[in-house]
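Residue strings, one per chain:
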Amino acid sequence: MSEMKKIKNLKEFSTSADRFEGANLLCPGCAHSIIVREVLNATNDDLILSASTGCLEVCTAVYPYTSWDASWIHIGFENSSTAVAGAESMYKALKKKGRLKQPDRNPKFVSFAGDGASYDIGFQWISGCMERGHNIMHIVLDNEVYANTGGQRSSSTPIGSSATTSPAGRVSYGEKRNKKDIVSIMAAHNIPYVAQVAPNKWKDMVKKIQHGFAVEGPVFINAVSPCTTEWKFDPKDTMNIADLATDSLVFPLYEIIDGHELNITYRPKNIVPVEEYLAAQGRFKHLFKDEYKYLIKEWQERVDEKWAYLQRREEARV
Amino acid sequence: MAKKGWDEFEIGAMLRTFDGKIDDIAATRQEDRAYSQNSSYTASVADWRLIKPIFNKDYCIDCQFCWVYCPDVSIISRDKKLIGVDMDHCKGCGICVEVCPTNPKSLLMFPEQADEETEIASWPKKDEEEA
């Protein structure tokens, strides 16, 4: 086990040498690269990375450029998790045979995927990796839509959101079904660590990522990634939207250890009404018409219910 | 920089980020790395920008919020001090200005053609109401 990087405060964190480069083609104000930087800077160990097809992949590997300073591979839409799982299996096998050239180095295996590649298309592959117990970390950059291809709905798109395949208009209020609870699904695999993170809470994020690197076995991280293009807000507001998401408890930050030990890691001092979170984004603009106001009320009830559930579960340790 | 053509590339489209060997990348600062022509570090997205951030070090408290929340690795920090903005990679999103906690802010957005020295000389004063 290599020693964990010590990060007590932001000043200390800022001495990290970035392994992700600028001049990638992500939109100005995209949260993807903020999350990626926080993850990569959380460790000094070597990294073996992969990315599923999605914004992150197409924008950081545009011929003839790459924005990654670590080994990075892209194969298909569905298999970022299995790509690093394969690399991890090979690493383990070579280690066992004593054929590693630098056996003292402890590379970390991380796969990045969007919500489309994790909630829908790569779901079976990720589930397989979790079940087989590879020592990898899968990170979902959850922007609740297929942003790369023009904003089609994914199973992460929440009720009432206007997406190109579920547009809001005269007859519809947009997406009809609620978001899939992927964190609970992954926790049900009884893997060592599952957590939900947000880029605006960098310390919570780094702590969880380091915990994830320290444990042996598969780790699943769901990161909210506000999308300036598809959520329709000004690029400068990315962090404000992330703040609203965590403070309104639409995206509660918690972790589940070994599939049962649930800890809430962030309790907002002032809980913001869900209405404020919705009002800040163009994709929910139509919900403020009189005929759809009931959806906002329902949304608030859903968030409250989820928060109460998480608190009960934390208390009961089940 | 002469770019390689389609058919001159290595099979499997493997791109090497560096020319030569770097042993411990996590301990090597960007200025000490020998980037190859395939690293996007050598490219620029400066032409995306309509507005640019200007950094006024007189008010900066080195909290590093802008560093951690910059999506484009464009806030340059060395030895826990903010030393400037990387104008080749900044896309002008303005997150750094939003997260800056000082009063007045030590980073502000100006039109691309604004002159840095003039703007720093006429920097806004402390906003008493907000404090």
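Calculation criteria
- Within any chain, residue numbers begin from 1 and follow the written order of that chain's sequence.
- Key to labels: chains lettered from A, ligands numbered from 1, both in the order written.
- Local features in a predicted model are, by the rule used here, given only for residues with pLDDT of at least 70; side-chain atom pairs are given and counted only at 80 or more, and totals for whole chains, interfaces and linings are based on all residues.
- For the side-chain quantities, the full set of heavy atoms in the structure was used; hydrogens and water were omitted.
- Each domain span listed reflects an automatic or database assignment of domains.
- Note on contacts: a residue pair qualifies if any of its non-hydrogen atoms lie within 4.5 Å across the two residues.
- Buried area is a sum: the accessible area each of two parts loses on coming together, probed at 1.4 Å, counted once for each and added.
- By definition here, a salt bridge exists when the distance from a side-chain nitrogen of Lys or Arg to a carboxyl oxygen of Asp or Glu is within 4 Å.
- Here a polar contact means two N or O atoms within 3.5 Å. Within protein one must be a hydrogen donor candidate and the other an acceptor candidate, and residues neighboring in sequence count only if both atoms are side-chain atoms.
- All residues other than Ala, Val, Leu, Ile, Met, Phe, Trp, Tyr, Cys, Pro, Asp, Glu, Lys and Arg, Gly among them, are scored as polar; the first ten of these are nonpolar and the last four charged.
- Numbering of helices and strands runs from the N terminus, with a helix taken as a DSSP run of H or I at least four residues long and a strand as a DSSP run of E at least two residues long.
- Throughout this description, the term nonpolar core refers to a set of buried Ala, Val, Leu, Ile, Met, Phe, Trp, Tyr and Cys residues connected via side-chain atoms within 4.5 Å.
- Here the term buried applies to any residue with accessible area under 20% of the maximum for its type, exposed to any over 50%, and partly exposed to those in between, with areas from a 1.4 Å probe on protein chains only.
- Two strands make a pair as long as DSSP finds a minimum of two bridges between them.
- Here an angle of 0 to 180 degrees is reported between the N-to-C directions of two axes, which are lines fitted to C-alpha atoms, with helices fitted over the stretch in contact.
- For this classification, under 35 degrees means roughly parallel, over 145 means roughly antiparallel, 65 to 115 means roughly perpendicular, and everything else is oblique.
- For any helix crossing, the convention is left-handed if the near helix is rotated counterclockwise from the far helix by under a right angle, and right-handed if that rotation is clockwise.

### Looking at the domain arrangement of chain B
Interfaces are often sized by the amount of accessible area the parts lose when they come together. Residues and elements named next belong to chain B. The domain architecture assigned to chain B consists of domain 1 (8-43) and domain 2 (44-126). Each of domain 1 and domain 2 has a C-alpha centre, and these two points are 27 Å apart. Of the residues lining the interface, seven residues belong to domain 1; the matching set on domain 2 comes to seven residues. Between domain 1 and domain 2, roughly 470 Å² of surface is buried when both sides are summed, and carbon and sulfur atoms account for 36% of that area. For the pair domain 1 and domain 2, the interface holds one salt bridge. Put simply, domain 1 and domain 2 have three residue pairs in polar contact (both at pLDDT 80 or more) between them. Here the residues of the side of domain 1 that touches domain 2 sort into two nonpolar, three polar and two charged.

### Observations concerning the interface of chain A and chain B
Contacts between chain A and chain B engage 46 residues on the former and 49 residues on the latter. With a shortest N-O distance of 3.3 Å, Arg33(B) and Glu21(A) are connected by a salt bridge. Along the contact surface separating chain A from chain B lie 21 residue pairs in polar contact (both at pLDDT 80 or more). When residues of the side of chain A that touches chain B are traced back to their parent elements, those giving at least two are α1 (10-13), α2 (31-40) and α9 (238-247) of chain A. Within the side of chain A that touches chain B, the residues separate by chemical class into 19 nonpolar, 15 polar and 12 charged.

### Some words on the nonpolar core
Nonpolar side chains tend toward joint burial in soluble globular proteins. All names here are of chain A. The biggest cluster of nonpolar side chains holds 61 residues, and the ones touching the most others in it are Leu40, Leu56, Phe112, Ile139, Ile209 and Ile221. Beyond its immediate chain neighbours, meaning those up to four positions away, Ile139 contacts Val39, Val110, Ser111, Phe112, Ala113, Ile209 and Ile221. Within the second largest apolar cluster, 46 residues are counted, among which are Met130, Ala147, Val224 and Trp231.

### Thoughts on the environment of Ala198(A)
Residue and element names in this part refer to chain A. When you line up the elements, Ala198 lands in the loop between β5 (193-197) and α8 (202-214). Residue classification places Ala198 among the buried residues on the basis of a relative accessible area of 0%. Separated by 25 residues in sequence, Ala198 and Ala223 place their C-alpha atoms 5.3 Å apart.

### What to know about the pattern of salt bridges
When the charged atoms of two side chains with opposite charge come close together, those side chains can pair. Residue and element names in this part refer to chain A. The full count for this structure, using the stated rule, is 22 salt bridges over all chains. Asp46 is the partner of Arg105 in a salt bridge, and the nearest nitrogen-oxygen pair spans 2.7 Å. You can see Arg105 sitting in the loop between α4 (80-97) and β3 (108-114) and its partner Asp46 sitting in the loop between α2 and β1 (47-51), a full 59 residues away along the chain. Exposure remark for Arg105: the relative accessible area of 19% places this residue in the buried category. With its nearest N and O atoms 3.1 Å apart, the salt bridge here joins Glu261 to Arg317. Here the residue Glu261 occupies a position in strand β8 (residues 261-264), and Arg317 occupies one in the segment after α11 (293-316), the gap between them amounting to 56 residues. Taking relative accessible area as the criterion, Arg317 reaches 37% and is therefore assigned partly exposed.

### With respect to the sheet that holds strand β4 (residues 137-142) of chain A
All names here are of chain A. Strand order in this open sheet of eight strands is β2-β1-β3-β4-β6-β5-β7-β8, and the pairing throughout is mixed. Strands with a single pairing partner mark the edges of an open sheet, and in this sheet they are β2 (71-73) and β8. Taken pair by pair, the neighbouring strands of this sheet meet at an average axis angle of 15°, ignoring direction. As paired strands, β4 and strand β6 (residues 219-224) are joined by six bridges and run parallel to one another.

### Describing the packing of α2(A) against α8(A)
Residue and element names in this part refer to chain A. Two numbers describe how α2 lies on α8: the axes approach to 9 Å, and their chain directions differ by 50°. By the criterion of interaxial angle, the relationship of α2 to α8 is oblique. Considering only the axes of α2 and α8, their crossing is right-handed. Here α2 contributes Ile35, Glu38 and Val39 to the contact with α8, which in turn contributes Trp202, Met205, Val206, Ile209 and Phe213. Broken down by class, the residue content of the contact of α2 with α8 amounts to seven nonpolar, no polar and one charged.

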